[in-house]
Amino acid sequence: MKFLDQAKIYVRSGDGGDGVVAFRREKYVEFGGPDGGNGGRGGDVIFRAVPNLNTLIDFRYTQHFRARKGGNGAGSDRTGAKAETVIINVPIGTQIFDDDRETLLADLDEDGKEVLLCKGGDGGFGNANFKTSTNRAPRRADKGWPGEERWVWLRLKLIADVGLVGLPNAGKSTLLSVCSRAKPKIADYPFTTLHPQLGVVRLSATEEFVIADIPGLIEGASEGAGLGDRFLGHVERCAMLIHLLDGTESQLVKNYRMIRSELAAYDETLAEKSEIIVLNKCDALTTTQITAKKKALAKASDAEVFTLSAATHQGLAELLRIVQDRVTQHRLDERENNQ
């Protein structure tokens, strides 16, 4: 199934049903009069977040969603039927933007969360509604109110606890494959990863977290270079970032600062997230090289630097334990803040 994280669709709620003009004309009823019923309400359009979807690919083939019109009223004061609600299921983490792609209308970030995007039109009044003591035989009935319509953009932001960032070929996909059951494409050329990947890391029966791997960033990504920064939205919701660096590169500090500047150019809040700096591919380095590179990175980042060889699993268990502890603490802090 192809991954798609953006889609533009058209939605329209149903018009209200029309009221009618009707009169009682029964042979043995002494007092007749108006008995035209009201129209039924048009169908609403509701978006709902569901857990069994992870892409917006369905909206590439179905782009127009219309609710039905409410039923018209009838004689004997019968109200028209209300039209059925159109429910559009989207993946958890989907944001709905107006046609300008900037105005956020809804953020469906929880399972089962719903939003009424287009409200159905109200039904029109039948002539029985206009009967008064001075107007005993009104011949007025209203048309139903029109529904709402709009073009909207859907944007999916994956729900993950940890996000992997770094240059192409830093080993992000390899790390994802060895710490989870995800099977990303791995090769020895840049931009092997073309779409975000998710993996679940389980350390024990009660400890697990979700990790997201996005396509690598290069200098100028915020201006569209390479694959650009459009996939950075998938790590915006993460509690923390793992910044993976290729230990075999000669310009290690320059690469670190470049990725940091691209994160800040995309969103300052993303650059301020908790970060774990990891020096990868240490199996190809000597002890002296590892020490020197760690020292240079620690000086540039003013943070602790961890070493890893994703290919040989060296340092993997220690890294995952540190990540799990930080994710657990973040969840506890969020729970306390929400109480």
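Thresholds, definitions, all that
Residues numbered from 1 in each chain as written. Predicted model: local features only at pLDDT ≥ 70, side-chain atom pairs only at ≥ 80, totals over all residues. Heavy atoms only, no water. Buried < 20%, exposed > 50% of the residue type's maximum accessible area, 1.4 Å probe, protein only. Helix = DSSP H or I, 4+ residues; strand = E, 2+ residues; numbered from the N terminus. Arc of directions from axis to C-beta. Contact = heavy atoms within 4.5 Å. Pairing = 2+ DSSP bridges. Axes fitted to C-alpha atoms, helices over the stretch in contact; angles between N-to-C directions. Salt bridge = Lys/Arg side-chain N within 4 Å of Asp/Glu carboxyl O.

**As for helix α2 (residues 172-179)**
Each full turn of the α-helix corresponds to 3.6 residues, which orients residues three or four apart in the same direction. When we look at burial in α2, the residues that qualify are Lys-172, Ser-173, Leu-175, Leu-176 and Cys-179. Seen from one end, α2 has its buried residues packed into an arc of 160°, which puts them on one side. Lining the buried residues of α2 we find β11 (162-165), β12 (197-202), β13 (208-213), β14 (240-246) and α6 (316-338).

**Comments concerning the sheet that holds β11**
Taken together, six strands build an open sheet; the order of strands is β12-β13-β11-β14-β15-β16 and the sheet is mixed. The open sheet terminates on both sides in strands that have one partner only, identified here as β12 and β16 (305-307). Taking the axes of each pair of neighbouring strands and ignoring which way they run, one obtains an average angle of 30° across the sheet. Here β14 runs beside strand β15 (residues 274-280); their pairing, made up of seven bridges, is parallel. Bridging from a neighbouring strand, Asp-246 pairs with Asn-280 of β15. Sheet strands in contact with α2 are β11, β12, β13 and β14, and its direction is about 40° off that of β12.

**What to know about the sheet that holds strand β6 (residues 86-91)**
Reading across the sheet, the three strands line up as β6-β4-β9 and stay open at both edges, with mixed pairing between neighbours. For this open sheet the edge positions go to β6 and β9 (114-118), each flanked by a neighbour on one side alone. When the angles between neighbouring strand axes are averaged without regard to direction, this sheet yields 30°.

**Focus: the pattern of salt bridges**
According to the stated counting rule, one finds 17 salt bridges in the structure shown. Arg-237 is the partner of Asp-107 in a salt bridge, and the nearest nitrogen-oxygen pair spans 2.8 Å. Of this pair, Asp-107 sits in strand β8 (residues 104-108) while Arg-237 sits in the loop between β13 and β14, placing them 130 residues apart in sequence. Since its relative accessible area comes to 21%, Asp-107 is described here as partly exposed. Since its relative accessible area comes to 24%, Arg-237 is described here as partly exposed. As a salt-bridge pair, Lys-113 and Asp-109 come within 3.3 Å of each other at their nearest N and O atoms. Its relative accessible area of 33% is what places Lys-113 among the partly exposed residues. What emerges from the salt-bridge pattern is a single network uniting Arg-12, Asp-15 and Glu-149.

What is shown is where atoms sit, not what they do.
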